[in-house]
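Structural overview
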Protein chains: 2
Amino acid sequence: MTTTIQGYDPRTGSPTGPAFPTTTPEALEQAVHAARDAFPVWSGLPARRRADVLDAVADALDAAATDLVDVADAETALGRPRLTGEVARTTGQLRMFARVLRQGDHVGAILTPADASTGRGDIRRMLLPVGPVAVFSASNFPFAFSVAGGDTASALAAGCPVLVKAHEGHPATSAAVAAVISGELSRAGLPAGVFSLVQGFDAGPALVRHPSVRAVGFTGSLRGGRALFDLAAGREDPIPFYGELGSINPVVVLPAAARDRTAEIAGGYAASLTQGTGQFCTNPGLLFLPEDSDLATAIADAVGRTSGGPVLTGRIRDSYRHRVAELDATPGLVPLASGAAAQGEWAVTPRIWQLPLASFAERLEDLREECFGPAGLVVTYREVRDLLPVLEALGGTLTGSIHASPGEHAEVALLATVLRRTAGRLVHNGWPTGVAVCAAMHHGGPWPATTSARHTSVGATAVDRWLTPVAYENWPAELLPPELQDGNPLGIPRLTGF
Amino acid sequence: MTTTIQGYDPRTGSPTGPAFPTTTPEALEQAVHAARDAFPVWSGLPARRRADVLDAVADALDAAATDLVDVADAETALGRPRLTGEVARTTGQLRMFARVLRQGDHVGAILTPADASTGRGDIRRMLLPVGPVAVFSASNFPFAFSVAGGDTASALAAGCPVLVKAHEGHPATSAAVAAVISGELSRAGLPAGVFSLVQGFDAGPALVRHPSVRAVGFTGSLRGGRALFDLAAGREDPIPFYGELGSINPVVVLPAAARDRTAEIAGGYAASLTQGTGQFCTNPGLLFLPEDSDLATAIADAVGRTSGGPVLTGRIRDSYRHRVAELDATPGLVPLASGAAAQGEWAVTPRIWQLPLASFAERLEDLREECFGPAGLVVTYREVRDLLPVLEALGGTLTGSIHASPGEHAEVALLATVLRRTAGRLVHNGWPTGVAVCAAMHHGGPWPATTSARHTSVGATAVDRWLTPVAYENWPAELLPPELQDGNPLGIPRLTGF
């Protein structure tokens, strides 16, 4: 068992920052107990008080942004502009959940009045926090899907203490963000157990197995996510596991769009494919083009003008190179373009291949696998309807995108009959990368995109994962939570119905 | 492998009605394919059209009620008054979901407008049906939790074709109800695959494993439910399994209530314990009384005046007798009362035992197990606060009930700090049996009460289990579903927000 976690600079492959001790089983036990003890305190705060704490954490992260970005850039090589933007996304997300709490519709309050004619009692239902939850940080978003990311923000908003498992790729960033959160909790006079950070691989399964952990949020690989999902489902008392796993993110370009917007689509694809060195769960791994179009040439040019760069970890580099070698060796795949190679131990190079739809369909089991990094397949089709069985067979994905001209609505509608069942977000004339944090966002999808297609990890409704309903029947008026009291003292949205 | 399913009259233990062939693997495959093919048709209907079909099924079941009750009474011995009421509950439930569909808030529509300043697109989210679903009928509600019960009604409302696995205890009732549903679907010109009935044990796991089945609803035993849950979670593509399993339903009587309402509480308890020969998932299996009260004597009298009766199946009788023998042999349990024995092969007798809280706590692992039937434990406590760790250790349960006098609000609040985390429904001065079908109802709870504490199997929000979100980004106005179109043509509730 490793006893320390060391960050590395992806630009050099050399250690950066201090080595962090892995969390011992005893320390993990203490952290979970502290979370359990903190649960009544944190969940017992009025929602508006929790909102104030989320806002304070956001302000503190913004104030520390320059230092945080320095630490994160050293560990991730994602670059200051992107990381600065990601801190802003993260704090914007915390503030969005603060707004959700002040608005109050996250509790899903429903009131059914008593009915003397049937003998039915007075029933009032709302959602309450589930208890301490475990959150697994993602490699590719050291801020927005990590320690203070969407899972943490939504779970804290719900009233759940959070135990974050840091990602091995950015231990110093994780520790720095955790210190900011813990500092604000302490300033607010709250118990430290409301938020804890654990480090080291073994802490992950230990959290998922722990009887006091009541739900899990995860963003990562299909293999890792599946293993933890199986642990959660295999417990004596199974708990919900909200995992975002692999996604291939098909993009279809319809014939008129390919003709009318060739340069725009080619440039947009190359940018979406290579942004963040392709390390996005919404990376467009599959592009479907009409076979008799000039778009493939334009795309080859555009991707040829991109450059590679370092990926986050040596493991991601190895996986990428391994997958590229497999694709190079796959019969029928023709290399279409490469970006410029980049210097450095952990650098990878953008790559795309081309093949006709029939060949893709034949090897679909192999080719539908996500390749994490700036690699993509360009699949050429003859008839739009030929795409339907292939899109269906791809399985679940976070996004499905269509580029269309105004005259191609019938084709869009046809493709949507499949995509709306297989993808969580349908994008028209846009690219899947870039997931807006907003009330209507859904960032999810059927397996293997996520372990729970019902839920999202981005957007206001992400808070829903950490809540469970309780119905109060004929409960004394003065003992009802304020959310359910007569006269609606909090002024939250409530349904009253049959 | 058994090739037929035979109903039995619980009053005599003799066969009643015809033997039904078990569904062969080939026939099951056909039924699932028909469901898959029917999915686009059924889910493509406007919600208000699906509502009309649910209403038509309700009307047809009401029209057939007398015959259905005859068949069910022969197979279940639950008696005509109860069964007649249960048909009404079932048709009321179908009509409630029709109202839900017409109201339209089940789709959870949320609109976030585009924001040019941040480059965010126009995002519109709604819930769409998940696909064909499997539903497992319960033994104890041959109508309301069976073929046309809440799972079927809510899944059909959602737009999902339904494959019902009939309960072995009432094959003829199941077939008769299925014929009514299929008849109405046919009359409405809908494909037969919208609804299918399968019979026989082996059809259950086959449905849960089938790739085209996208979710499962189940009401039954902890053991059976766990086995099917494990199958669903162990699939290559895990699917949600919404199971309602075992529940002990603790009831606490506070000291002043025990003193002030002795006779009322004693009578209420005896009635709740023995109603339907105790075959309710909300049966009050555990009653906590103050140790220095006369209530135990009153309860002994009240239960002594009850009578036994036949249970639904020979297996339930065997389990009940086995559990009663175990409890009789448990040191520290003192028999407190028995009801009158009833005649008949499958008859069981109401039984209660008494023990002090400390003894109960010592044997909690054994004694917290649900006993399906009219048996209960009466546990005497000294201090209300002594109950907290015991209620906590009981684990998840569908309900938690408290009898209190107006001066005992502090004690109610104290108990609720635990019960609101362990129980899905908190009942004040009432009994857990009798679950109103209404908008605010929550019939669920943490494991082992259910496999998914987030969801309910009774009430308007039960439809939520069969839906998954999709976000449309910059989608052409004329291609949006009407639920999301500008101007809100369906007039449904929608959120518009950040």
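First, a word on scope: everything that follows refers to the structure included in this document.

Conventions and cut-offs
- Residues numbered from 1 in each chain as written.
- Chains lettered and ligands numbered in written order.
- Predicted model: local features only at pLDDT ≥ 70, side-chain atom pairs only at ≥ 80, totals over all residues.
- Heavy atoms only, no water.
- Salt bridge = Lys/Arg side-chain N within 4 Å of Asp/Glu carboxyl O.
- Helix = DSSP H or I, 4+ residues; strand = E, 2+ residues; numbered from the N terminus.
- Buried < 20%, exposed > 50% of the residue type's maximum accessible area, 1.4 Å probe, protein only.
- Contact = heavy atoms within 4.5 Å.
- Buried area = accessible area lost by both parts, 1.4 Å probe.
- Polar contact = N/O pair within 3.5 Å; in protein donor to acceptor, adjacent residues only side chain to side chain.
- Pairing = 2+ DSSP bridges.
- Axes fitted to C-alpha atoms, helices over the stretch in contact; angles between N-to-C directions.

Looking at the pattern of salt bridges
For the structure on display, the rule yields 54 salt bridges over all chains. Among the salt bridges present, the one from Asp464(A) reaches Arg454(B), with a minimum N-O distance of 2.5 Å. Of the two residues, Asp464(A) is situated in the loop between strand S18 (423-428) and strand S19 (467-473) and Arg454(B) in the loop between strand S18 (423-428) and strand S19 (467-473); the pairing between them involves two chains. Looking at Asp464(A), the relative accessible area reads 18%, which means it is buried. Asp62(B) serves as the salt-bridge partner of Arg95(B), at 2.7 Å between the closest nitrogen and oxygen. Here Arg95(B) is found in helix H4 (residues 80-103), whereas its partner Asp62(B) is found in helix H2 (residues 47-63), with 33 residues between them in sequence.

Looking at the interface of chain A and chain B
With 63 residues of chain A at the contact, the number on the chain B side is 63 residues. Carbon and sulfur atoms make up 64% of the area that chain A and chain B hide from each other, which totals about 5,500 Å². Seen at the junction of chain A and chain B, the total is 4 salt bridges. Note that Glu473(B) is salt-bridged to Arg425(A), the shortest N-O span being 2.5 Å. Counting across the interface, chain A meets chain B through 31 residue pairs in polar contact (both at pLDDT 80 or more).

As for the sheet that holds strand S6 (residues 162-165) of chain B
Residues and elements named next belong to chain B. Pairing within the open sheet is parallel, and its 5 strands lie in the order S7-S6-S5-S8-S9. Among the strands making up the open sheet, the edge pair consists of strand S7 (195-198) and strand S9 (241-244). Mean inter-strand twist for the sheet, computed between neighbouring axes without regard to direction, equals 15 degrees. In terms of strand pairing, strand S5 (residues 133-136) meets S6 through 4 bridges, oriented parallel. Residue pairing in the sheet places Ala134 in a bridge with Leu163 of S6. Running over the sheet, helix H5 (residues 150-158) touches S5, S6, S7 and strand S8 (215-219) and is turned about 170 degrees from S6. Strands in contact with helix H8 (residues 222-234) are S5, S8 and S9; relative to S9, the strand with the most contacts, it is inclined by about 175 degrees.

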